[in-house]
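# Overview (structure and organization)
Next come the chains, spelled out residue by residue.
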Amino acid sequence: MLILCIESSCDETSAAVIRDGSEMLSNVVASQVDVHSRFGGVVPELASRKHVEAISLVINSALQEAGVTVDQLEGIGVTRGPGLIGALLVGLSTAKAMAWSLDIPLAAVHHMEGHILAPMLEEDPPDFPFLALAVSGGHTHLYRVDGIGRYKTLGQTLDDAAGEAYDKVAKMLGLGYPGGAVIDQLAGQGRPDAIDFPRPMLHKKNFDFSFSGLKTAVLQHVEKYEGAIDEQQLADIAASFQAAVVEVLTRKTLSAAKAEGLQRIVVAGGVACNSGLRGRFQELSSKHGVKVFFPSPALCGDNAAMLGVPANYYLEKGRHADDGANALANWTLDTVAADGI
């Protein structure tokens, strides 16, 4: 099945063409980073306007790159939620209009479902069941994944997501937005044991996360400096902060995998690009007897290609979204199978 996928949940406008839920023919992403960086975060109204401006161009580019025409499409997949409601509506409205005009079926997909199934587009995809750590600017969740549409939340952040904490710490340090990549780069030049930042909820017996206290600890540390922070001090703060985040994420994930009896772990979402996180998981994987799967960097951030795996599955099963399907700013992944699409 040849599917056009559309993603517009936050500040990336993306379209991709996927064949049979496994072959990526194109994946075009238009970023809005330059628009939102001066505000230190995503401005929902601006994001919606930029999606309107970009979506037709992105779709045309994806079709051209894939070498297909709209007449060849057999279905459309689109992000229904969760995300910014205005941004979601741009992609969903476009997808519904295209599906109606072309008389082809539509699958409305959960955003995080796309992320955790992104490794299925790689050469060595994981088998079910597996544990998924979905970690990004808006999400930090642990899921048990027994198949497409079969998800169970094991733990989640109680406040800030890990990616959000990265952005806020970067702002404190005057590093700009988005901050994840900058802190990751700086961390490589610093000492991870220079500052003993807290590891929130690390010793709790559940699999939930909390990063607001860590963010506050960094702020309190920064406020101790009377003058400007020099380059080495900045690198040490970045490295120590990242070490705390990585330790919490890896140890909680590995504990959850052990509790569930799972030997496969998928780490997905924007923070999955983080070199410290990737490196630590690779170090610990053999020790704990698990195999860890990461999507390639292009499939870690928000993109439309990742929607192709679940969209193809749902379309082949005859689970089509109807004209009344609306965008969902909040949507629990566990309810995907129960609620339908």
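First, a word on what this report is: a plain description of the structure on this page. Treat the numbers as computed from the prediction; the structure is a model and nothing was measured. (Residues numbered from 1 in each chain as written. Predicted model: local features only at pLDDT ≥ 70, side-chain atom pairs only at ≥ 80, totals over all residues. Heavy atoms only, no water.)

### Observations concerning the side chain of Glu113
Going by this rule: Helix and strand assignments follow DSSP, with helices taken as H or I runs no shorter than four residues and strands as E runs no shorter than two, numbered in order from the N terminus. Note on exposure labels: buried denotes an accessible area under 20% of the residue type's maximum, exposed denotes more than 50%, and partly exposed covers the range between, all computed with a 1.4 Å probe on protein chains only. Within this scheme the basic residues Lys and Arg register as positive and the acidic residues Asp and Glu register as negative, but His and the chain ends are omitted. Think of a salt bridge as a Lys or Arg side-chain nitrogen and an Asp or Glu carboxyl oxygen that are within 4 Å of each other. Between two residues, a contact is recorded if the distance between any of their heavy atoms is within 4.5 Å.
Along the chain, the position of Glu113 falls in helix α4 (residues 111–117). Despite being buried, Glu113 has no salt bridge partner; Arg319 is the closest side chain of opposite charge, sitting 6.9 Å away. When residues no more than four places from it in sequence are discounted, the contact partners of Glu113 are Ile148, Gly149, Tyr151, Pro310, Tyr314, Leu333 and Val336.

### Let's talk about the sheet that holds strand β6 (residues 130–135)
To keep it simple, the criterion reads: The pairing criterion is simple: DSSP has to find at least two bridges between the two strands. Here, axes are lines fitted to C-alpha atoms. For helices the fit covers the stretch in contact, and angles between N-to-C directions go from 0 to 180 degrees.
With mixed pairing, the 5 strands of this open sheet are ordered in space as β8-β7-β6-β9-β10. Bordering the open sheet on either side are β8 (150–156) and β10 (291–293), each of which pairs with just one other strand. Taking each pair of neighbouring strands and ignoring which way they run, the sheet shows an average axis angle of 25°. Relative to β8, strand β7 (residues 140–147) is paired through 6 bridges, and the arrangement is antiparallel. What sits directly across from Gly147, in β8, is Arg150. Strands in contact with helix α8 (residues 231–260) are β6, β7, β8 and β9 (264–268); relative to β6, the strand with the most contacts, it is inclined by about 155°.

### Section: the environment of Val43
Secondary-structure assignment places Val43 in the loop between α1 (33–36) and α2 (44–66). Of the residues examined, Val43 reaches a relative accessible area of 25% and is grouped as partly exposed. With 16 residues separating them in the primary sequence, Val43 and Asn27 have C-alpha atoms 25 Å apart.

### Section: the packing of α8 against helix α9 (residues 275–288)
Heads up, the rule is: Here a crossing is called left-handed whenever its near helix is offset anticlockwise from the far helix by less than a right angle, and right-handed whenever the offset is clockwise. Note on residue classes: Ala, Val, Leu, Ile, Met, Phe, Trp, Tyr, Cys and Pro are nonpolar, Asp, Glu, Lys and Arg are charged, and everything else, Gly too, is polar.
Contact pair α8 / α9: the axes reach a minimum separation of 10 Å and the direction vectors enclose 35°. Relative to α9, α8 is oriented so that their crossing is right-handed. In contact with Gln242, Val246, Leu249, Thr250, Thr253 and Leu254 of α8, α9 contributes Gly276, Leu277, Arg280, Phe281, Leu284 and His288. When the residues that make up the contact of α8 with α9 are grouped by side-chain class, the tally is 6 nonpolar, 5 polar and 1 charged.

### Some remarks on unusual backbone geometry
A cis amide bond links Gly81 with the next residue in sequence, Pro82, at an omega value of -10°. Relative to the helices and strands, Pro82 is located in the loop between β4 (75–81) and α3 (85–102). Note that the residue after Tyr177, namely Pro178, is joined by a cis bond; omega there is -10°. Along the chain, Pro178 turns up in the loop between α5 (162–172) and α6 (180–187). Positive phi, close to 55°, is recorded for Asp103, a residue that is not glycine. The residue Asp103 is located in the loop between α3 and β5 (106–110) in this model.

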